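Remarks on the overall topology
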Amino acid sequence: MAAEQKERILRFYRGTEGEEIAIRLLDLAEAVMKTEKFRISPFLDPYGQEIAETICASYDGIQLDLDGGYAGAERQRAMLRHRDFRGTPDGFAISCVESVWNGQFARLTHRDVLGALMGLGIERELIGDILPAPDTAKIICDTKIADFIVNNLTMIGAVGAKAALSNLEEIAPREERTKEIRATVASLRLDSIVAAGFGISRSRAADDIAADKVKLNWQSAGSASKTIKEGDVLSMRGRGRLEVTEVRGQTKKGRTVVVLNRFF
């Protein structure tokens, strides 16, 4: 890649949440081109995966594969592989740890499990999806920290827990429940769409946006007045994800008709 093209990519992501991961992925891509082998990224959210696709498409000779440990995983690792590499990469170095606790005493959530892992000093980029159930959670992680989690994840919040290695093959493909929502909104402002899609008041939506509980296309949403368009994806902490599938015309009263797809 020419230096000016690399600089254009860096300039595009500079000042955004994607800047750090873009720099790291560019470094991986440069290493792949130099060694003619392969490199594997940390776990990436969907926004990071889009950055990986953009960067790999800018290099003549790099192939991109993504894997999160099971079909439908949201957080995935990127494998950047040189087209002339004739070896066989030994997978994505992904493991699964299952944590169990007594569900009679507490119903733990994704946030509780993630908080316990962060409390052990584990970096978020080493953790993939966390799949909670009433008294257990499957934790997708980098293989190099799997044993550490097994030996040290003994408490989640105030609840005792035990962890053991588990098989990735036992994880069923993700099947998300969806609901189509047809609504009319006063405008395509972010707070209006959030309120319509998640069934809350507009003032509550604005408060949640200000509290950074809402992400737009996997980045901090920022201002409640931001204009939303078709194809945008909104996610709210604890409430799931929302895709703006269609923006239709206006009603006689000047309101805009939107079609939203909510994922649970």
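Calculation rules
Position numbers for residues start from 1 in each chain and track the written sequence from start to end. In view of the model being predicted, local features appear only for residues whose pLDDT reaches at least 70, and side-chain atom pairs are presented and counted only at 80 or more, with totals across whole chains, interfaces and linings using the full set of residues. The basis for every side-chain value is the complete set of heavy atoms in the structure, and neither hydrogens nor water enter the calculation. Helix numbering and strand numbering both begin at the N terminus, where a helix is a DSSP run of H or I of at least 4 residues and a strand a DSSP run of E of at least 2. When checking whether two residues touch, look at their non-hydrogen atoms; a contact exists if any pair is within 4.5 Å. In the analysis that follows, any N or O atom pair within 3.5 Å is treated as a polar contact, provided that within protein one partner can donate a hydrogen and the other can accept it, and provided that, for residues neighboring in sequence, both atoms belong to side chains. Two strands form a pair only when DSSP identifies at least two bridges running between them. Axes here refer to lines fitted to C-alpha atoms; in helices the fit is confined to the stretch in contact. Angles between the N-to-C directions go from 0 to 180 degrees. Any residue under 20% of the maximum accessible area for its type is buried, any over 50% is exposed, and the rest in between are partly exposed; the area is computed with a 1.4 Å probe on protein chains only. For cavity detection a 1 Å grid was placed over the protein atoms alone, and a set of points counts as a cavity when a 1.4 Å probe fits there but cannot get out; an open set counts as a pocket when protein lies on both sides within 12 Å along at least five of seven lines, with lining residues being those that have an atom within 4 Å of a point. Grid points are joined across faces, edges and corners, and a volume is the space filled by probe spheres set on the points. UniProt positions are given in the numbering used here, feature names are shortened, and annotations may be inferred rather than shown by experiment. Pairs were defined over the aromatic rings of Phe, Tyr and Trp, the Trp ring being its six-membered one, requiring ring centres within 6.5 Å. Orientation was assigned from the angle between planes: stacked under 30 degrees, edge-to-face over 60, tilted for the rest. To sit over a ring, a charge needs its Lys NZ or Arg CZ within 6 Å of the ring centre and within 35 degrees of the ring normal.

The name an unreviewed UniProt entry gives the protein is RNA-binding protein, with Selenomonas timonae as the organism.

What follows concerns the environment of arginine 81. You can see arginine 81 is positioned in strand E3 (residues 76-82). Measuring from C-alpha to C-alpha, the distance between arginine 81 and isoleucine 62 comes to 5.5 Å, with 19 residues separating the pair along the chain. Once you skip the residues sitting within four places of it in the chain, arginine 81 turns out to touch Val32, Lys37, Phe38, Gly61, Ile62, Gln63, Asp65 and Pro89. A polar atom in the side chain of arginine 81 sits 2.7 Å from the side chain of aspartate 65.

Before going further, it helps to examine the sheet that holds strand E6 (residues 136-142). The 4 strands lie next to each other as E5-E6-E4-E9, forming an open sheet whose pairing is antiparallel. Only two strands of the sheet have a single neighbouring strand rather than two, namely strand E5 (127-133) and strand E9 (162-166). Each strand of the sheet is rotated relative to its neighbour by a mean of 20 degrees, with strand direction disregarded. Contacting E5 and E6, helix H4 (residues 110-119) crosses the sheet at an angle of about 135 degrees to E5. Against the sheet, helix H5 (residues 143-152) engages strand E4 (94-100), E5, E6 and E9, with an angle of about 140 degrees to E6.

Our focus in this paragraph is the sheet that holds strand E10 (residues 178-185). Read across the open sheet, the 6 strands follow the order E10-E15-E14-E13-E11-E12; overall the sheet is antiparallel. Edge positions in the sheet fall to E10 and strand E12 (219-220), since each has one partner strand and no second. Inspection of the sheet shows strand E11 (residues 214-216) paired to E12 by 2 bridges, in the antiparallel sense. By the bridge assignment for E12, lysine 215 is matched with serine 220.

Here we take up the pairing of E4. Remark: a regular strand shows side chains that alternate across the two faces of the sheet. Across the 7 residues that make up E4, a large majority, 5, are buried. Both E4 and E9 contribute to a ladder of 5 bridges, which runs antiparallel. Within E9, the position partnered with valine 100 by the bridge is lysine 162.

Considered as a void within the structure, the largest pocket measures approximately 1800 Å³ in volume. Contributing to the lining of the largest pocket are 41 residues, with Glu74, Arg75, His110, Arg124 and Ser235 lying nearest its centre. Of all elements in the fold, only helix H2 (19-35), strand E1 (38-44), helix H3 (46-57), H4, E5, strand E13 (233-236) and strand E14 (240-250) reach the threshold of two or more residues within the lining of the largest pocket. Examining the composition of the lining of the largest pocket, we find that 5 residues originate from one element, E5, more than from any other.

On to the UniProt feature "domain: RNA-binding S4" (unreviewed entry) in the protein. UniProt feature "domain: RNA-binding S4" (unreviewed entry): in the numbering of this structure it lies at residues 188-245. Taken end to end, residues 188-245 comprises 31% helix and 26% strand; its first and last C-alpha atoms sit 13 Å apart.

So, on to the packing of aromatic side chains. When we look at a pair of aromatic rings, we describe it by the centre distance and by the angle of the planes. Taken as a whole and judged by the stated rule, the model has 2 aromatic pairs. When the centroid spacing of 4.9 Å and the interplanar angle of 90 degrees are considered together, the rings of phenylalanine 12 and tyrosine 13 count as edge-to-face. Ring centres 5.5 Å apart and planes at 50 degrees place the aromatic pair phenylalanine 38 and phenylalanine 85 in the tilted group. Residue phenylalanine 38 is located in strand E1, and its partner phenylalanine 85 is located in the loop between E3 and E4; the two are separated by 47 residues in the primary sequence. We classify phenylalanine 38 as partly exposed; its relative accessible area is 24%. The ring of phenylalanine 43 carries arginine 77 above its face, with NZ or CZ at 5.5 Å from the centroid. Just above the ring of phenylalanine 263 sits the side chain of arginine 241; from NZ or CZ to the centre is 4.3 Å.

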